[in-house]
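Structural features, examined
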Amino acid sequence: MSSMRTGMRARRRTLFGVVLLTTFLVVFGCRAATPSKENTVFSPLERVLKPRTVLVLGEIHGTVEAPAMVSRIAAWALDRGQSVTVALEIPREEEALVTGFLASAGTLVDRQAFLAGPFWQSGYQDGRASEAMATLLQDLQRLMASGEPLRVVLIDQRGARGEDREQAMADALAAAVSSAPEGFTISLVGNLHAQLARGAGHGVDEPMALRIAELLPNSRVIALEVASSGGTAWVCGGHRTSGCGLSALGGGEIHRTERVSLDVQLVGGFHGSLSVGTIHASPPAVEIHRTPEAMTIATWIDTTHTTAPAAPTLSAGTLQNPVSKVNPAGDWPQWMGPHRTGAATVSGVFPRGKQIELGVSWRTGIGGGFSSVSIVGGTAYTLAEESEEEWLLALDVHDGSENWRTRLDAAGHDTPASTPAVVQGSNGAVFALNPRGKLHAIATDGSPLWSRDLQESLGAVPHSYGMSTSPLIVDDLVTVLVGGQDKHNLVAFHKTSGEIEWSVAHAKWGSYASPTLLTIAGERQIVAPADDRLYAVRPDDGSLLWSIDSLGEMDRIPLPLPRGRLFLAQEAGAVMLRVNREDVKWQVEEVWRSDSLQHSYSPAVHLDGAIYGFDGPFLTSIDAATGEMHWRHKTGDATLILVDRHLVVLGTMSGLLRIVEARPDRFEERATIQVLTGGEGYAAPSYAGGRIFVRNKQEIAAVEIGSR
């Protein structure tokens, strides 16, 4: 017994020493403190991570996972001190556009410019010009913008076929490797081109990888097949009876988890495999970015987390590499962001391959309310109830100080839940709706412009918790889902005078939800969720375009997806609709229903064919094509938005802020911070200028983002 106690004490001393050492390494920024998951997945590549090594990855085109793996391997190699070249199976004729994008700020406009190239616009979409490939280029642009020794080369040749194409790609890749002999090269090509053995098939005897090995005798060529446990891909021929499109693919049990299998011996033309688990189809990038309605789309397992102590407020310059110092652009002018999709139209916010740092830039007390924060031109706007009065507050985004406040009404039974809409410019104004239906137009200096009592003049019927719908600005109109039982269901006011431009009664009731502006089948339309139906009108006169009932009570904003789809997350479950027009007739059909997202106030967001939202206390990812669940993770009740391919998740009761990478294959949390210290808060986060803005019924705070 004595020797056992002695051994236990020795082990405790050893463990204590390890804890001290680990703490020291973490505090002083040593990367070796804790092995990351990337270390575990890619550790077999350590022995080939050397200059003049060419890692050729052979994929089935049109998946999310293969391009994402290239991004992760590149960041992993850079983190280990290697200079990296990424070679892609994209025609060299696109080089000027792609190079221009890589040297740009990586904005949505920059992204649209390179997507205008013929490769992305081609009618033959075999999976190489996918959304995932465009996202890979955006990831690489961010790494280059941060100063990493990275370059991208294009190796395909438009019009080349068979052996000529293999030789052209091999020559281009050999030239790239020879021009940077001290670098590590990653090439992503179709699995036929990646083989290191003759007789690849499809009329090719000597594939590109084998030719590379012959052209570069002083380099080492490693070929890995990207393998999976099955799933879906966007492919042409082979796996389909005809044409190009979504296909279900089989796989093997051995490839269910991410791992690298590497052997010096060749088997079937490969040294091993890069297993990626379940694969998910990635549609063509131009399918998502071509139409105006798509511009509103992200413009493209159970554990419980304990609440941490509140984070200290930071002084200026505390974070390393704060985003607000290098990427200050972007406003959040209304409920759920620039396009009401819950997505910020920014990039380069969260670093790849580096540790995300979060810090509370400022925190201040605020009165009650569930109104989210709108941010325009350095000012944050929200509604709050203080001292028995309802107020529109304007705060400085840099320090939280109050610029001004304007009284809206005496406090009522319900606290404000509507989010103000802001218009910038010489005639700038803030439009705010209080729980009892008083609509106010306030100048951006705080002076009142006009107001309308929607109950008194239009017969508005507030719901049990008051009116929480948020005003929508469309051109010169302020549109509000009034919900009057007579003729005033959706009303458009002139934003300068407050006069009614049109008023329609295409439904009998209002809704807690808010209208949104979309373009479907080439026509702009305001889509309004009422409690008895969902309908769309023309913005110029309110005339009805289409309507559908029997959907259940709607309390969240419709989420647009590509190809005329609308997703509705409701208390009783989720519904996917498809809206299209044949000649002059509009048609609306129900695609699927799912109980995977229900019992939550949070809206949902969409990215790369996956929808993210809440099923009660579970953060959940579902397939946008079928409604089937990918994964779920218990976070507690929360709400979320999408920023730079990451979910920004705020606990409604805990005040805990999480940054979760938006991945359809798994839950991957990258950072957490305790921001708010108490009180319920159902307001969704907001993002602008490198900061995340959050609030509950007691506090409002700004969170700075940085990297280490």
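Please refer to the structure higher up on the page.
About the criteria used
Residues numbered from 1 in each chain as written. Predicted model: local features only at pLDDT ≥ 70, side-chain atom pairs only at ≥ 80, totals over all residues. Heavy atoms only, no water. Helix = DSSP H or I, 4+ residues; strand = E, 2+ residues; numbered from the N terminus. Buried < 20%, exposed > 50% of the residue type's maximum accessible area, 1.4 Å probe, protein only. Axes fitted to C-alpha atoms, helices over the stretch in contact; angles between N-to-C directions. Parallel < 35°, antiparallel > 145°, perpendicular 65-115°, else oblique. Contact = heavy atoms within 4.5 Å. Nonpolar A, V, L, I, M, F, W, Y, C, P; charged D, E, K, R; others polar. Phe/Tyr/Trp six-rings, centres within 6.5 Å; stacked < 30°, edge-to-face > 60°. Expected span 1.5 Å × (residues − 1). Polar contact = N/O pair within 3.5 Å; in protein donor to acceptor, adjacent residues only side chain to side chain. Pairing = 2+ DSSP bridges. Left-handed = near helix turned anticlockwise from the far one by under 90°.

A separate point is the overall build of the protein chain. From N to C terminus, the protein chain includes twelve helices and 42 strands. In the protein chain, buried positions account for 58% of the 708 residues.

In this section: the packing of helix α4 (residues 95-102) against helix α7 (residues 131-145). Packed helices, taken two at a time, are described by the angle their axes make and the gap between the axes. Following both chains from N to C, one finds α4 and α7 inclined at 50 degrees, their axes separated by 9 Å at the closest point. Considering their axes alone, α4 and α7 lie oblique with respect to each other. Across the interface between the two elements, Val98, Phe101 and Leu102 from α4 touch Leu137, Gln138, Leu140, Gln141 and Met144 from α7. When grouped by side-chain class, the residues that make up the contact of α4 with α7 number six nonpolar, two polar and no charged.

Further remarks concern the packing of aromatic side chains. In the structure shown here, the tally under the stated rule is twelve aromatic pairs. Measuring from centroid to centroid gives 5.3 Å for Phe370 and Tyr682, while their planes differ by 70 degrees, and the two rings are edge-to-face. Taken together, the residues Phe370 in the loop between β11 (356-365) and β12 (374-376) and Tyr682 in the loop between β39 (668-674) and β40 (686-688) connect sequence positions 312 residues apart. Judged by its relative accessible area of 31%, Tyr682 falls in the partly exposed class. Note on Tyr612 and Trp631: the rings are 6.3 Å apart at their centroids and 50 degrees apart in plane angle, and the pair reads as tilted. A residue pair is termed long-range when its members are at least 10 positions apart, and Tyr612 in strand β33 (residues 610-615) and Trp631 in strand β35 (residues 629-634) qualify at 19 residues.

Let's shift gears to the environment of Glu661. Position of Glu661 among the secondary structure elements: in strand β38 (residues 656-661). Considering only alpha carbons, one finds Glu661 and Ala671, ten residues apart in sequence, at a separation of 9.6 Å. If we ignore the near neighbours within four places in the chain, the residues touching Glu661 are Arg645, His646, Glu668 and Arg670.

The end-to-end C-alpha distance of helix α8 (residues 162-179) is 26 Å, a good match for the 26 Å that 18 residues give at a rise of 1.5 Å each. Of the residues making up α8, those classed as buried are Arg165, Glu166, Ala168, Met169, Ala170, Ala172, Leu173, Ala174, Ala176 and Val177.

On to the side chain of Glu131. On the secondary structure map, Glu131 appears in helix α7. The buried category is assigned to Glu131, whose relative accessible area is 0%. A polar side-chain atom of Glu131 sits 2.6 Å from a polar atom in the side chain of Arg111.

Taken together, four strands build an open sheet; the order of strands is β24-β25-β26-β27 and the sheet is antiparallel. Looking at the sheet topology across the chains shown, the edges are occupied by β24 (516-520) and β27 (544-549). Averaged over all pairs of adjacent strands, the angle between their axes in this sheet comes to 25 degrees, without regard to strand direction. When strand β26 (residues 533-537) meets β27, the two strands line up antiparallel, connected through five bridges. The residue bridging Tyr535 from the neighbouring strand is Ser547, located in β27.

Running from amino to carboxyl end, α8 crosses helix α9 (residues 208-215) at an angle of 45 degrees, the nearest separation of the two axes being 8 Å. Relative to α9, α8 is oriented oblique. Classified by chirality, the crossing of α9 by α8 is right-handed. When α8 is examined against α9, the residues Glu163, Glu166, Gln167, Met169, Ala170, Asp171, Leu173 and Ala174 are found in contact with a partner set consisting of Met208, Arg211, Ile212 and Leu215.

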